[in-house]
Amino acid sequence: MTTIGFIGSGNIGGTVARLAVAAGYDVVLSNSRGPQTLADLAAELGPRARAGTVEEAARAGDLVLVSVPLHAYDSIPAAPLAGKVVMDTNNYYPERDGQIAVLDDGSTTSSELLQRHLAASRVVKVFNNIYYKHLGSLARPVDAIDRSALVVSGDDAEAKLAVIAFLEAIGYDGVDSGPLAEGGRRHQPGTPAYGTPYGPFEDEKGRPATKAELRQALEAA
């Protein structure tokens, strides 16, 4: 994997892009407002980064990260993402997204909605349970004693392995929580694995959370 496409380049997307460039990946940034609004971020990231349209980022990425508000999930173009691994960072926040009945009654999850929309893609839920400032500050080399873990869930085993390999490259271990329907629920907002393992938001540096600690939090959900 050499290029990561970004559909949404805000707090989480921009942070992952910084980590990816630092790890030697090329990145293509995009958002709903157009490439010109990402010129400063692309310049900050350097020659490995460029801004493009959503379709360009989708087509360019060997892995593609989707980080848009949940209410906009059905605006993501499906055709250029067919066959690709899509990393979904999203969470359901009714105060932002409005009430979504199938999420309110627990009959499905936010990442399953995206997977249904991107039926020909392989969606992996990741980066949704960590504050973006903690994500930026807690990355560590592979042999660091204070290395943190991040959780993934998805219905495709190979896709999850590809995402875990990406996590390992950018400074994190990976913990597989299972398929979207069951595993994804264990790191949604309101669960022990959401935010808490990395410390309070007020502490912008956060604290390391090991694989064992993250598994314990997932089991408590």
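Residues numbered from 1 in each chain as written. Predicted model: local features only at pLDDT ≥ 70, side-chain atom pairs only at ≥ 80, totals over all residues. Heavy atoms only, no water.

## Points about the side chain of Ser-110
Move 1: Tracing the chain through its elements places Ser-110 in helix H6 (residues 110-117).
Move 2: Side chain to side chain, Ser-110 and Lys-125 meet in a polar contact 3.3 Å long.
Move 3: Ignoring sequence-local partners within four residues, the contact set of Ser-110 consists of Leu-70, Asn-90, Asn-91, Tyr-92, Leu-103, Lys-125 and Gln-188. (Helix = DSSP H or I, 4+ residues; strand = E, 2+ residues; numbered from the N terminus. Polar contact = N/O pair within 3.5 Å; in protein donor to acceptor, adjacent residues only side chain to side chain. Contact = heavy atoms within 4.5 Å.)

## Observations regarding the nonpolar core
Move 1: Membership of the largest hydrophobic core comes to 45 residues, with the highest contact counts inside it found for Phe-127 and Phe-166.
Move 2: Broken down by element, the residue count for this core peaks at seven residues, all from helix H8 (residues 157-170).
Move 3: When sequence neighbours within four positions are dropped, the list of residues in contact with Phe-166 reads Ile-4, Val-16, Ala-20, Tyr-25, Leu-63, Met-87 and Phe-127.
Move 4: By size, the runner-up hydrophobic cluster in this structure holds 14 residues, among which are Ala-58, Val-64, Val-86 and Val-123. (Core = buried A, V, L, I, M, F, W, Y, C linked by side-chain atoms within 4.5 Å. Buried < 20%, exposed > 50% of the residue type's maximum accessible area, 1.4 Å probe, protein only.)

## Section: the packing of aromatic side chains
In this description, a pair of aromatic rings is defined by centroid distance and the angle of the planes.
Move 1: Scanning all chains against the criterion turns up three aromatic pairs.
Move 2: Taking the centre distance of 5.1 Å and the plane angle of 80 degrees together, the rings of Tyr-25 and Phe-166 count as edge-to-face. Residue Tyr-25 is found in the loop between helix H1 (11-22) and strand S2 (26-30), and its partner Phe-166 is found in helix H8; the two are separated by 141 residues along the sequence. Phe-166 matches Tyr-25 in its accessibility class, with the two residues each being buried.
Move 3: Ring centres of Tyr-131 and Tyr-132 lie 5.2 Å apart, and the angle between their planes is 75 degrees; this geometry places the pair in the edge-to-face category.
Move 4: Three or more aromatic residues joined by ring pairs make a cluster, and in this case those are Tyr-131, Tyr-132 and Phe-201. (Phe/Tyr/Trp six-rings, centres within 6.5 Å; stacked < 30°, edge-to-face > 60°.)

From the geometry alone we can't say anything about function, so treat these as descriptive.
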